[in-house]
Amino acid sequence: MKIPYTSEIREDTGLYNAKIGMWLFLASEVMLFGGLFSAYVFLRIGAREGEWPHGLLNIPIGAFNTLVLITSSLTVALSWTTLKAGDFQRYRRLQIVTLVCAALFLGIKSWEYYDKFSHYEIWLNKPLTAKEYPQLAGHSTEADLPITSVVGHIEGVGPFETLASLQEAGMSTVKIHPDAFHYRLTALQQAERRKVEKATGVRAVHAETDEHANVSIDVSHIARMSAFVPKHGTFFATYFTLTGLHALHVVGGALAFAFILWPGARMWRDDPKRYTNSVECVGLFWHFVDLVWIFLFPILYLL
Amino acid sequence: MTASHELGFVRKYIFSVDHKVIGIQYLLTSLTFLLIGLTLMLMMRWQIANPGQPVPVVGGLLESALGEPAGEGKISADLYNSFGAMHGTIMIFLGVVPLVFGAFGNYLVPLQVGAGDMAFPKMNMLSYWLYVPGGLIMLVSFFVPGGAAQAGWTSYPPLATIIPTDGQTYWLVAMLFIITSSLLGSINIITTVIQLRVPGLTWMRLPFFVWTEFVTAFLLLLAFPPLEAGCILQLMDRLAGTSFFMPHGLVVSGQPATGLSGGGSPLLWQHLFWFLGHPEVYVLVLAPMGIVTEVIANNTRKPIWGYRYLVGSVLAIGFLSMVVWAHHMFVTGMGAGIATFFQTTTTIISIPSVVIMTCLMLSLWGGSIRFTVPMLFALAFLSAFGIGGLTGLPMALPMSDVALHDSYYIIGHFHYLVAPGTIFAVFAGIYYWFPKATGRHMNQKLGHVHFWGSLVCMNLIFFPMLIQGLAGMERRMSDGGYNYSAAHPSNEGVVGALSGTVMQLNGVIGWAVLALGAFQLPFIYNFFSSAFAGRRVESDNPWQATTLEWQTPTPPPHGNFVQEMFVYREPYAYSLSHSTQPLTSTRKSNGSNGKILDFETQNQPVAMANGNPAKQEAPV
Amino acid sequence: MCKHMERKCLTGRWAKQALMTLSLLSMIAISPILVGCSSKSAKPPIKATLVGKGTIGGRVTLEGTPPKEQMLPITTDASCTASCKKHGTELPRYTRTYVTKDGGLGDVLVTLIDIPPQPIPEGTAALTIDQRGCEYHPYVAACQVGQTVHVTNEDPLTHNIHTLPKVSGNKEVNKSQAEGSKPLEFVYDKPEEFLQFKCDVHPWMFSYVSVINHPFFAVTSEDGHFEIKGLPDGKYKVKFKHRKAGEQVKEVEVKDGKATVDVVLKVPAA
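Analysis parameters
Residues numbered from 1 in each chain as written. Chains lettered and ligands numbered in written order. Predicted model: local features only at pLDDT ≥ 70, side-chain atom pairs only at ≥ 80, totals over all residues. Helix = DSSP H or I, 4+ residues; strand = E, 2+ residues; numbered from the N terminus. Rg over C-alpha atoms; globule rule 2.2 N^0.38 Å. Buried ≥ 20, exposed ≤ 12 C-beta atoms within 10 Å, placed from the backbone. Contact = placed C-beta atoms within 7 Å. Domains from an automatic or database assignment. Nonpolar A, V, L, I, M, F, W, Y, C, P; charged D, E, K, R; others polar. Pairing = 2+ DSSP bridges. Axes fitted to C-alpha atoms, helices over the stretch in contact; angles between N-to-C directions. Core = buried A, V, L, I, M, F, W, Y, C linked by C-beta atoms within 7 Å. Expected span 1.5 Å × (residues − 1). Parallel < 35°, antiparallel > 145°, perpendicular 65-115°, else oblique. Left-handed = near helix turned anticlockwise from the far one by under 90°. pLDDT = per-residue confidence, 0-100.

Caption draft 1: Structural context of the overall build of chain A. Of the regular secondary structure elements, chain A holds 8 helices and 5 strands. Ordered by position in the sequence, the α and β elements of chain A form the string α-α-α-β-β-α-β-α-β-β-α-α-α. Its C-alpha radius of gyration of 25 Å places chain A more than 25% over the 19 Å reference for a compact globule of 303 residues. Each principal axis of the C-alpha atoms in chain A carries an extent, and together these give about 80 × 50 × 35 Å.

Structure, rendered in structure tokens:
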């Protein structure tokens, strides 16, 4: 018993079944990511003053990843038109480029994740002052600015360590390489700051110092310590959940394309129309995944 | 049309891709879960009526199965809480939704649109086999350390996050399975209705049941994913220590919560949950309205009054149900502006519901009513839905909702809609379509016993709850409200303490629930004995119905229809004065045997003026 | 493998795939239980290396004036009052951080340290904690790793026992206990000092149970006396720890089955 319209188009709708199915699935995915984006908005609006970090994500790398995904969307679209024209070999080459882009995206993301997991924030029992540690003052001009937390890599400490594990290992001081970025100010505020600096000549406290000069902190002065893991705070919780779910979708889409490209390629011989349709449907999914990233990148990295 | 392939037992009955087999799988599994949910409630109502007493008969079994929480056969307070949470979860997500959507939807939608199967048969199989592990995980959660989920079927944080019950995590994981299953099912139904309608079956010729399943599918498709997102976030809160729903300054058991970053919001979960939660209740009720419509049309021998209004209303309900969710959150301290918005949309959504009820009731007027068992259940649905719907109005208005929220009034309200409402419609559907699926009638006498017993018991259970709620009895109290009753020594002279009458109703409800359970036994017996040894149907269309599912052999074979299907008319062509077909028929397949026919099936060719049937061409 | 798209051939393959998927899903569902069960039974039995008849006795005294006890957050509960009447007790009004009598300090955990883990001696009964008059009796107790703690409810009302361990490996548990129900059992796998038991219904109710991985411990009585039995002769280190008054370690030698050690704990400076 054959189900109609699996390959041919139904006249009054102009669609075949799988296409409608994929669009419906994408509608549900829009609601899924929409729910997560709404959670992001809710949590960011509700965050206390100064607690929502900015500038902790690497924008150039994120931008590069964006380009990688856009390229892959382009090759996917090209591969579908090529397939419609009947050129299987060219389709195959384009899809391999797609998969390479996907792998590159995931590789860069994994590197970003690893970097985050080895990055720490240390909240202090007693604040340090910008005067003593100008390299921690960010773009502030106040010398008396109390610094309650330090952000950066810790010398000799890998990912996922906690205060308890450091104490168990017997460390009494930690040497932290502070980040050049400081999340007291948003990107916009930092730009404003630089404009003011240029106009008034009043420079930020850190301006003359080595921004990366290590800071030694006694373990007993640490109130709380956390790597940039989901547990760190709502920003990273949201970041990892959103990008993690997105990455899973990239993996899924790549696996689907790989399946169609190799084990499933037999269908090109038996039913080329259906084969082209399946490439089109997975292509739709891929474009959606790309679109989600287009939203994720500015929301997480830029704003 | 139908190829005959040799399928083994496993491929034919277990991992089948045939929508009818899958529909029956859904039916049997969800009815089982319904029974489990009823059993949980039986024990809970016992505890409410007799707090601290060992449960009779099953107390020992409970203790050996669950251990300490059921020590000496008594239901401890946390066991009561987990029974309550799981009763709601099992009934809604494992019982009613798979029943009305997975069972009835899968079985009937392809048949009623004239298709040979669903658009995506393998995905259909997958959606059933995702539902089963989800259900198993829920059941298994009773036996893990800490027991099953205890934070209500709504799983509100921070309690749901900090509660040291492993079952809470299992609940979240099972929900992911169940939600995925529903999403795949929705995609299937929508695509089937759009793409696989046979020629001539235009949108306004669809049986109303198909319309309700279509809208239900959209509700599930669009409303479930935010809850899926929420479940992922709550899982991360429980397992990864995140603070999506954990606010700053949280104090647990008198001590500040340590190790949490804070910064989250419990309200976020409530929004994500109720964004599904409200469309969910329309999922529970729309398809049953569709079933009732089919049964009423058939048993009044009249077209349904106001088909267009029905379609418009169900579409309006579908759209409006997405913008009313915060009426479940009126007591969270929302501002007057937002409360006004949701109050407005909620009262507006009552209008299409009333339109549907009115159309159905007007359909009875002047009908030649056959009081078959399905019809009895369908009629009871109308009154139950009426009571349930009307009792909902005070909750639409924040000022009255503040008093009634989380009271027994709410329990009475929503149970009137799902219990004598949805479940009765489901029974109507089972009695109605059983002959088509099995080729045998269910025993009518047992059906009557089942109906009258259930009707009386349902009302004895849920009407007193409305009274108790108005008297101020709150829900989720394991001692049945004793701590707040006038009989409790601390409450001497306290105004508003629950009176003896109100407390005595607990006893009435307890006995009524037991009786309700007993009255389901004739149905269970009837269902299985009739399937194997019931009176055989006299034709393929024993109820003399007009819709396409009755135009197949009985039971329908793989591929459903043995001839090419075309549709020529509206779905409820009963007793039409403009009927152009000969008034007598010798067609045995229409159950008439020479008698006068008062209906035209949808696929019956239109007779020409000269009396000959029109050519079998695909009409527009 | 299917060479051509034969339905029969493919059906078998689909069935196999479906079966594999289903088994995978079921395994995912069931694995947590299996892991939980297996981890408990995988431990090898501990050998008893310290068996004897010797006793370490002594007294802990308190130096300094303890700070004033704080008022407890008592909420009126007629059932609690009624229960107190029945048991001849009164609802506690103040915290019991420092329990002293004749200069001695009670509720001090006395335990041997730096000895290997020991099994639970034969014939050791469960540690019983009663809820009477809306209070836990005893207030401070100790038990061994793997030893059952029995909690009974002798009040005509519902209590809940919410344990809040801090050592990972000891599970947080919250169980309700209605009046007249069977004793609830708690078992702990990891050593912990002053593991807190509390009741969420009656916020003044606390009990502290220390979990030790050997049987050589005691909790001092009201006047500061204690006795640890069952030791062979030898040198031992004894730790004295109070919830607020700090801790001290003393070396002691059991000769001819007897040893005495007295210690003075100081009230910490404000």
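Here the narrative resumes.
Caption draft 2: Representation of the overall build of chain C. Summing up its helical and strand segments, chain C has 2 helices and 18 strands in all. Within chain C, the proportion of its 270 residues that are buried is 31%. Considering only contacts in chain C between residues 6 or more positions apart, those separated by 24 or more positions represent 64%.

Caption draft 3: Geometry of the domain arrangement of chain A. Residue and element names in this part refer to chain A. Domain boundaries assigned for chain A yield domain 1 (29–43 + 56–116 + 234–302) and domain 2 (119–232). On the domain 2 side, the residues contacting the 8 residues of domain 1 number 9 residues. Of all the elements in the fold, those that place two or more residues in the side of domain 1 that touches domain 2 are α3 (88–117) and α6 (234–261). Of the residues assigned to the side of domain 1 that touches domain 2, the class counts are 6 nonpolar, no polar and 2 charged.

Caption draft 4: Structural detail: the sheet that holds strand β17 (residues 246–254) of chain C. All names here are of chain C. Taking strand neighbours across the sheet as the criterion, the 4 strands line up as β14-β4-β16-β17 in an open arrangement whose pairing is antiparallel. With one partner strand each, in any of the chains shown, β14 (217–219) and β17 form the two edges of the open sheet. Along the sheet, successive strands turn relative to each other by an average axial angle of 25°, direction set aside. Pairing geometry for strand β4 (residues 109–113) and β14, over 3 bridges, is antiparallel. Within β14, the position partnered with valine 110 by the bridge is alanine 218.

Caption draft 5: Region of interest: the nonpolar core. Counting 264 residues, the largest nonpolar core has B:Val292, B:Phe377, B:Ala378, B:Phe381 and B:Ala428 as its most contacted members. Among the elements that make up this core, the one with the highest residue count is helix α4 (residues 77–113) of chain B (23 residues). Contact partners of B:Phe377, with chain neighbours within four places excluded, come to B:Phe424, B:Ala425, B:Phe427, B:Ala428, B:Tyr431 and B:Phe451. By size, the runner-up hydrophobic cluster in this structure holds 47 residues, among which are C:Leu112, C:Phe197, C:Tyr208 and C:Leu265.

Caption draft 6: Representation of the pairing of strand β9 (residues 159–164) of chain C within the structure. All names here are of chain C. Most of β9 is tucked away, with 5 of its 6 residues classed as buried. Judged from the 5 bridges that link them, β9 and strand β10 (residues 173–177) form a sheet pairing that is antiparallel. For isoleucine 161, the partnering residue across the bridge sits in β10 and is lysine 175.

Caption draft 7: Looking closely at the interface of chain B and chain A. With 38 residues of chain B at the interface, the matching set in chain A holds 31 residues. The element best represented in the side of chain B that touches chain A is helix α8 (residues 208–239) of chain B, accounting for 10 residues. Of the residues assigned to the side of chain B that touches chain A, the class counts are 21 nonpolar, 15 polar and 2 charged.

Caption draft 8: Broad picture of helix α2 (residues 19–49) of chain B. With 31 residues, α2(B) extends 44 Å between its outermost C-alpha atoms, agreeing within 8% with the 45 Å of an ideal straight helix rising 1.5 Å per residue. Among the 31 residues that make up α2(B), 23 are buried, leaving the element largely enclosed by the rest of the structure.

Caption draft 9: The arrangement of the packing of α2(B) against helix α16 (residues 500–533) of chain B in detail. Residue and element names in this part refer to chain B. At a minimum axis distance of 9 Å, the contact between α2 and α16 shows a crossing angle of 155°. It follows that α2 is roughly antiparallel to α16 by the angle criterion. Considering only the axes of α2 and α16, their crossing is left-handed. Residues Leu38, Met41, Leu42, Arg45, Trp46, Ile48 and Ala49 of α2 touch α16, and the partners they reach there are Asn506, Gly507, Ile509, Gly510, Val513, Leu514 and Gly517. For the contact of α2 with α16, the class distribution of residues is 9 nonpolar, 4 polar and 1 charged.

Caption draft 10: Representation of the sheet that holds strand β11 (residues 184–186) of chain C. All names here are of chain C. Spatial strand order, β6-β5-β8-β11: 4 strands in an open sheet with mixed pairing. Edge strands, defined here as strands with exactly one partner in the open sheet, are β6 (135–137) and β11. Direction aside, neighbouring strands of the sheet carry axes that sit 25° apart on average. Bridge count for strand β5 (residues 127–132) against strand β8 (residues 149–153) is 5 bridges, and the pairing is parallel.

Caption draft 11: Structural detail: unusual backbone geometry. Residues and elements named next belong to chain B. With an omega of -10°, the peptide bond running from threonine 554 to proline 555 counts as cis. Looking at the secondary structure, you find proline 555 in the segment after α16. Of note, the phi angle at valine 57 is positive, near 65°, even though the residue is not glycine. Note that valine 57 resides in the loop between α2 and α3 (59–66). What makes valine 57 exposed here is the crowd of 10 C-beta atoms within 10 Å. Unlike most non-glycine residues, serine 155 shows phi in positive territory, near 50°. Residue class for serine 155 comes out buried when judged on the 24 C-beta atoms lying within 10 Å of it.

Caption draft 12: Molecular detail of the packing of helix α9 (residues 266–300) of chain B against helix α12 (residues 373–396) of chain B. Residue and element names in this part refer to chain B. In the contact formed by α9 and α12, the axes pass within 9 Å of each other and the chain directions differ by 125°. Looking at the two axes, α9 sits oblique to α12. As for how α9 packs across α12, the hand of that crossing is left-handed. Within the contact between the two elements, α9 uses Pro288, Val292, Val295, Ile296 and Asn299 and α12 uses Pro374, Met375, Ala378 and Phe381. Classifying every residue of the contact of α9 with α12 gives 8 nonpolar, 1 polar and no charged.

Caption draft 13: Here's a closer look at the environment of B:Ile304. Residues and elements named next belong to chain B. Secondary-structure assignment places isoleucine 304 in the loop between α9 and α10 (307–320). On the basis of neighbour count, isoleucine 304 is assigned to the buried category, with 22 C-beta atoms found within 10 Å. It is 6.7 Å that separates the C-alpha atoms of isoleucine 304 and tyrosine 572, two residues lying 268 residues apart in sequence. Non-local contacts of isoleucine 304, meaning those with residues more than four positions away in its chain, are made with Phe208, Thr293, Ile296, Ala297, Leu310, Cys359, Ser363 and Tyr572.

Caption draft 14: Seen up close, the pairing of strand β3 (residues 173–178) of chain A. All names here are of chain A. Side-chain alternation along β3 places Val174, Ile176 and Pro178 on a buried face and Thr173, Lys175 and His177 on a face that remains uncovered. Where strand β2 (residues 146–154) lies against β3, 3 bridges are found, and the strand directions are antiparallel. Considered in β3, the bridge of isoleucine 154 is made with isoleucine 176. Where β3 meets strand β4 (residues 215–218), 4 bridges bridge the pair, whose relative direction is antiparallel. In the sheet register, lysine 175 faces β4, and the bridge partner there is serine 216.

Caption draft 15: Expanded view of the confidence of the model for chain C. All names here are of chain C. In this model, chain C carries an average pLDDT of 85, and 84% of its residues clear a pLDDT of 70 or more. Note on residues 1–6: pLDDT under 50 across the span, and 5 contacts to partners over four residues away in sequence or across chains. Note that residues 35–39 has pLDDT below 50 and, in this model, 1 contact with residues that lie over four places away or in other chains. Overall fold confidence for the complex sits at a pTM of 0.90, while the interface term, ipTM, reaches 0.92.

Caption draft 16: Layout of the environment of C:Lys68. Residue and element names in this part refer to chain C. Its place among the elements puts lysine 68 in the loop between β1 (54–63) and α2 (78–87). On the basis of neighbour count, lysine 68 is assigned to the exposed category, with 9 C-beta atoms found within 10 Å. It is 28 Å that separates the C-alpha atoms of lysine 68 and glutamate 192, two residues lying 124 residues apart in sequence.

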